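# Structural overview
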Amino acid sequence: MAERKVQSLLECQARVHLVSPQITPGLAGMAESGQLDWKARVFQSSDLDNMLLVFIATNQGEVNQAVARACQERGILVNAVDDPPHCNFFVPSVMRRQSLVLAISTEGKSPLLARRLREELEDLIPDDYGKFVEILGQARAYVKEKVPDIEERRKIFQMLVSPDMIELVKMGREDLIRERIEKCISSWRA
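Residues numbered from 1 in each chain as written. Predicted model: local features only at pLDDT ≥ 70, side-chain atom pairs only at ≥ 80, totals over all residues. Heavy atoms only, no water.

### Describing the overall build of the protein chain
Looking only at helices and strands, the protein chain features 8 helices and 6 strands. Shown N-terminal to C-terminal, the secondary structure of the protein chain runs as helices and strands in the order α-β-α-β-β-α-β-β-β-α-α-α-α-α. Its C-alpha atoms give the protein chain a radius of gyration of 23 Å, more than 25% over the compact-globule value 16 Å for 190 residues. Each principal axis of the C-alpha atoms in the protein chain carries an extent, and together these give about 70 × 35 × 35 Å. Long-range contacts, defined as pairs at least 24 residues apart, comprise 44% of the intrachain contacts of the protein chain with a sequence gap of at least 6. Total accessible area on the protein chain is roughly 12400 Å²; 52% of this is exposed by carbon and sulfur atoms. A distance of 3 Å separates the average location of the 26 positive side-chain charges in the protein chain from that of its 28 negative side-chain charges. (Helix = DSSP H or I, 4+ residues; strand = E, 2+ residues; numbered from the N terminus. Rg over C-alpha atoms; globule rule 2.2 N^0.38 Å. Contact = heavy atoms within 4.5 Å. Areas by Shrake-Rupley, 256 points an atom, 1.4 Å probe, with all protein chains shown as cover. Lys, Arg positive; Asp, Glu negative; His and termini not counted. Charge placed at Lys NZ, Arg CZ, Asp CG, Glu CD.)

### Some points on the packing of aromatic side chains
Within this structure, the stated rule accounts for 1 aromatic pair. Judged by centre distance (5.6 Å) and plane angle (80°), the rings of Phe55 and Phe89 are edge-to-face. Within this pair, whereas Phe55 is found in strand 3 (residues 53-56), its partner Phe89 is found in the loop between strand 4 (77-80) and strand 5 (93-97), the two being separated by 34 residues in sequence. Residue Phe55 is classed as partly exposed on the basis of its relative accessible area of 25%. A relative accessible area of 18% places Phe89 in the buried class. (Phe/Tyr/Trp six-rings, centres within 6.5 Å; stacked < 30°, edge-to-face > 60°. Buried < 20%, exposed > 50% of the residue type's maximum accessible area, 1.4 Å probe, protein only.)

### A look at the environment of Val147
Within the secondary structure layout, Val147 lies in the loop between helix 5 (128-146) and helix 6 (150-160). Given the relative accessible area of 2%, Val147 is considered buried. Discounting chain neighbours no more than four positions away, the residues touching Val147 are Glu152, Arg153, Ile156 and Trp188.

### What about the pairing of strand 2 (residues 36-39)?
Pairing between strand 1 (residues 16-19) and strand 2: 4 bridges, direction parallel. Bridging from a neighbouring strand, Val16 pairs with Leu36 of strand 2. Assessed by its sense of winding, the connection that carries the chain from strand 1 through helix 2 (residues 25-32) to strand 2 is right-handed. (Pairing = 2+ DSSP bridges. Right-handed = clockwise from strand over helix to strand, strands pointing away.)

### A closer look at a nonpolar patch on the surface
A cluster of nonpolar side chains, namely Leu52, Leu53 and Leu77, defines an oily patch on the protein surface of about 300 Å² accessible area. Its location among the elements puts Leu53 in strand 3. Looking at Leu53, the relative accessible area reads 37%, which means it is partly exposed. (Patch = residues over 30% accessible without salt bridge, like charges linked within 9 Å, V, L, I, M, F, W, Y side chains within 5 Å. Salt bridge = Lys/Arg side-chain N within 4 Å of Asp/Glu carboxyl O.)

### As for the side chain of Ser20
Tracing the sequence through the fold places Ser20 in the loop between strand 1 and helix 2. The exposure class of Ser20 is buried, given its relative accessible area of 18%. When neighbours within four sequence positions are excluded, Ser20 is seen to be in contact with Trp38, Lys39, Ala40 and Arg41.

### Here we look at the confidence of the model for the protein chain
Mean pLDDT over the protein chain works out to 90, with 99% of the residues at or above the 70 mark. Considering each helix and strand of the protein chain separately, the mean pLDDT is smallest for helix 8 (residues 174-189), with a value of 83, and largest for strand 2, with 96. (pLDDT = per-residue confidence, 0-100.)

### A word on the nonpolar core
Within the largest apolar cluster, 19 residues are counted, with the highest numbers of intra-cluster contacts made by Phe132, Ile156, Leu160, Met165, Ile177 and Ile181. Sorting the residues of this core by element identifies helix 5, helix 6, helix 7 (163-170) and helix 8 as the ones contributing at least two each. The element contributing the most residues to this core is helix 5, with 6 residues. When residues no more than four places from it in sequence are discounted, the contact partners of Ile177 are Phe132, Ile135, Met165, Leu168 and Val169. Core analysis: the next-biggest nonpolar cluster, separate from the first, contains 11 residues, Ile56, Ala68, Cys71 and Val78 among them. (Core = buried A, V, L, I, M, F, W, Y, C linked by side-chain atoms within 4.5 Å.)

Here is the structure:
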């Protein structure tokens with residue numbers, strides 16, 4: 001579990017400091033490669049110095065409680081994995097399709113359900129939606145620059161996410177999507 005949390009943090013370019021007498025081979029590899037800083041010992045309150053965010057991933061309730069209490073006393077955000085009463089934030093299950101990001105949370109009550117729902121969404125929302133968001137971002141920037149009237153912009157943006165455009169996304173027709181966007185913008189210019 002700790003390994004998954006560390007991997008997620010590293011994907012976000014976080015600086016990870018790990019305190020544990022023992023770690024998994026995967027975490028050891030990350031420490032050896034310099035991806036994280038590992039202190040091979042038990043927790044000390046000084047480990048919280050200059051920390052903004054703490055994840056607790058032990059299977060020892062007393063340790064979880066002590067670390068959570070110390071974090072809360074210092075005003076540090078803390079997530080005790082599988083121990084919701086000792087959390088002051090929860091980590092959602094996240095699905096990414098480039099700039100399209102969907103998060104599902106059960107507030108720590110059932111991470112497995114959140115994960116299963118995310119997996120269902122992954123089947124329903126193909127990678128093409130991420131490409132579509134990137135295309136829409138480019139079109140939006142252009143429209144915001146060229147169309148001064150906010151109401152006109154809103155009409156254009158509504159056309160760009162119309163049901164027929166979504167159907168083109170589902171069909172993977174990036175070529176037709178780009179063509180329709182160009183027509184939509186051209187029709188405004190005319």
